[in-house]
Amino acid sequence: MISPEPAIDAAAYREAMAQVASAVHLVTSDGPGGRSGFTATAVCSVSDAPPTLLVCLNRSASAYPVFQANDSLCVNTLAASQQPLAEAFGGALPRSERFSVARWDRLVTGAPVLSGALAAFDCRIADRSIVGTHEILICEVVALTIAPANDEPDGSLLYAGRRYRTLPPAADADDVTPGRA
């Protein structure tokens, strides 16, 4: 009989994940459960047919009840200059003040869309699954906006090593795209 693998220590897992660089997003929602938002790095593409994102939300987060009650959200990808917004939505400001520090628009679902985001993905929540401490939201993208290339003078906001970092804008069109070398 093969013995089961030893359990991975949660602190060691968090330390390893802290080494992974991730884009920074504001995930926002507005609907029957109210309006709320949080800073997230646990966001990724699932498919382009149909366009689908995955968003992970800690069930102990103050925003969780709002997202549990609402059926839509917007994933707003941040530029480096928007780090103060990431900090505000990450807890530096009370929930009641967070939306006052930026300008917001709406697309199809009514979820708040950050004016000036590098990209904004307006989504309907298509499926939910609880895994451990988090709820995984599978989100169908129903509308999006993309900032013009000349509106990205300072690059993209990343989070790695437990601090914010900047990915400078691409130098030229000859940069290699992953999977298309």
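Our subject is the structure that appears above.
Residues numbered from 1 in each chain as written. Predicted model: local features only at pLDDT ≥ 70, side-chain atom pairs only at ≥ 80, totals over all residues. Heavy atoms only, no water.

### What to know about the overall build of the chain
Then step 1. Counting its secondary structure elements, the chain contains three helices and twelve strands.
Then step 2. A burial count over the chain gives 35% of its 181 residues as buried.
Then step 3. Relative to all contacts within the chain whose residues are 6 or more apart in sequence, the contacts with residues 24 or more apart total 63%. (Helix = DSSP H or I, 4+ residues; strand = E, 2+ residues; numbered from the N terminus. Buried < 20%, exposed > 50% of the residue type's maximum accessible area, 1.4 Å probe, protein only. Contact = heavy atoms within 4.5 Å.)

### Examining the side chain of threonine 109
Then step 1. Assignment of secondary structure puts threonine 109 in the loop between strand 7 (104-105) and strand 8 (113-114).
Then step 2. A distance of 3.2 Å separates a polar side-chain atom of threonine 109 from the backbone nitrogen of alanine 111.
Then step 3. At 2.4 Å, the side chain of threonine 109 and the side chain of aspartate 122 are in polar contact.
Then step 4. Leaving out residues up to four positions away in the same chain, threonine 109 has contacts with Ser72, Leu73, Asp122, Cys123, Arg124 and Val142. (Polar contact = N/O pair within 3.5 Å; in protein donor to acceptor, adjacent residues only side chain to side chain.)

### Overview of the pattern of salt bridges
Then step 1. With the rule as written, the count across this model stands at four salt bridges.
Then step 2. Arginine 162 is the partner of glutamate 15 in a salt bridge, and the nearest nitrogen-oxygen pair spans 2.7 Å. Pair noted here: glutamate 15 is in helix 1 (residues 10-18) and arginine 162 is in the loop between strand 11 (156-160) and strand 12 (163-167), with a separation of 147 residues, a long-range link.
Then step 3. Owing to a relative accessible area of 46%, arginine 162 belongs among the partly exposed residues under this scheme.
Then step 4. Between aspartate 30 and arginine 106 there is a salt bridge, with the nearest N and O atoms lying 3.0 Å from each other. Here arginine 106 lies in the loop between strand 7 and strand 8 and aspartate 30 lies in strand 2 (residues 25-31), a separation of 76 residues in the sequence.
Then step 5. The partly exposed category is assigned to aspartate 30, whose relative accessible area is 24%. (Salt bridge = Lys/Arg side-chain N within 4 Å of Asp/Glu carboxyl O.)

### Quick look at the pairing of strand 2
Then step 1. Counting buried positions over the seven residues of strand 2 gives five, a clear majority of the element.
Then step 2. Pairing analysis gives seven bridges linking strand 2 to strand 3 (residues 34-40), with the strands arranged antiparallel. The partner of threonine 28 across the bridge, within strand 3, is glycine 37.
Then step 3. Turn length for the strand 2-strand 3 hairpin, with the two strands adjacent in sequence and antiparallel, is two residues. (Pairing = 2+ DSSP bridges.)

### Focus on the sheet that holds strand 4 (residues 43-48)
Then step 1. Taken in spatial order, the seven strands of this open sheet run 3-2-6-9-10-5-4, and their pairing is antiparallel. Every other strand in the sheet has two partners, leaving strand 3 and strand 4 as the edge strands with one partner each. Within this sheet the neighbouring strands show an average axis-to-axis angle of 30°, counted without direction.
Then step 2. As defined by bridge partners, strand 9 (residues 119-131) adjoins strand 10 (residues 134-146) across twelve bridges and the pair is classed as antiparallel. The residue bridging arginine 124 from the neighbouring strand is glutamate 140, located in strand 10.
Then step 3. Packing of helix 3 (residues 83-92) onto the sheet brings it into contact with strand 2 and strand 3, and relative to strand 3 it is tilted by some 120°. (Axes fitted to C-alpha atoms, helices over the stretch in contact; angles between N-to-C directions.)

### Here's the deal with the packing of aromatic side chains
The geometry of an aromatic ring pair comes down to the distance between the two centres and the angle between the two planes.
Then step 1. Taken as a whole and assessed by the stated rule, the structure comprises five aromatic pairs.
Then step 2. Aromatic side chains tyrosine 159 and tyrosine 164 sit 5.0 Å apart centroid to centroid with 70° between the ring planes, which places their arrangement in the edge-to-face category.
Then step 3. In this structure an aromatic cluster arises from ring pairing among Phe89, Phe99 and Trp104.
Then step 4. Stacked on the ring of phenylalanine 99, the Lys or Arg arginine 35 has its end atom at 4.2 Å from the ring centre. (Phe/Tyr/Trp six-rings, centres within 6.5 Å; stacked < 30°, edge-to-face > 60°. Lys NZ or Arg CZ within 6 Å of the ring centre and 35° of its normal.)

### Here's the deal with a nonpolar patch on the surface
Then step 1. A contiguous nonpolar surface patch, about 420 Å² in accessible area, is contributed by Ile8, Tyr13, Met17 and Val20.
Then step 2. Locating methionine 17 in the fold gives a position in helix 1. (Patch = residues over 30% accessible without salt bridge, like charges linked within 9 Å, V, L, I, M, F, W, Y side chains within 5 Å. Areas by Shrake-Rupley, 256 points an atom, 1.4 Å probe, with all protein chains shown as cover.)

### Some remarks on the nonpolar core
Then step 1. Val27, Phe38, Val55, Phe67, Leu73, Val75 and Cys139 are the most contacted members of the largest nonpolar core, which has 17 residues in total.
Then step 2. Those elements that provide at least two residues to this core are strand 3, strand 5 (51-58), helix 2 (64-69), strand 6 (72-77), strand 9 and strand 10.
Then step 3. If sequence neighbours within four positions are ignored, phenylalanine 38 has contacts with His25, Leu26, Val27, Val55, Cys56, Leu57, Ala63, Phe67 and Phe89.
Then step 4. Among the nonpolar cores identified, the runner-up in size contains twelve residues, and Ala88, Leu114, Ala117 and Leu157 belong to it. (Core = buried A, V, L, I, M, F, W, Y, C linked by side-chain atoms within 4.5 Å.)

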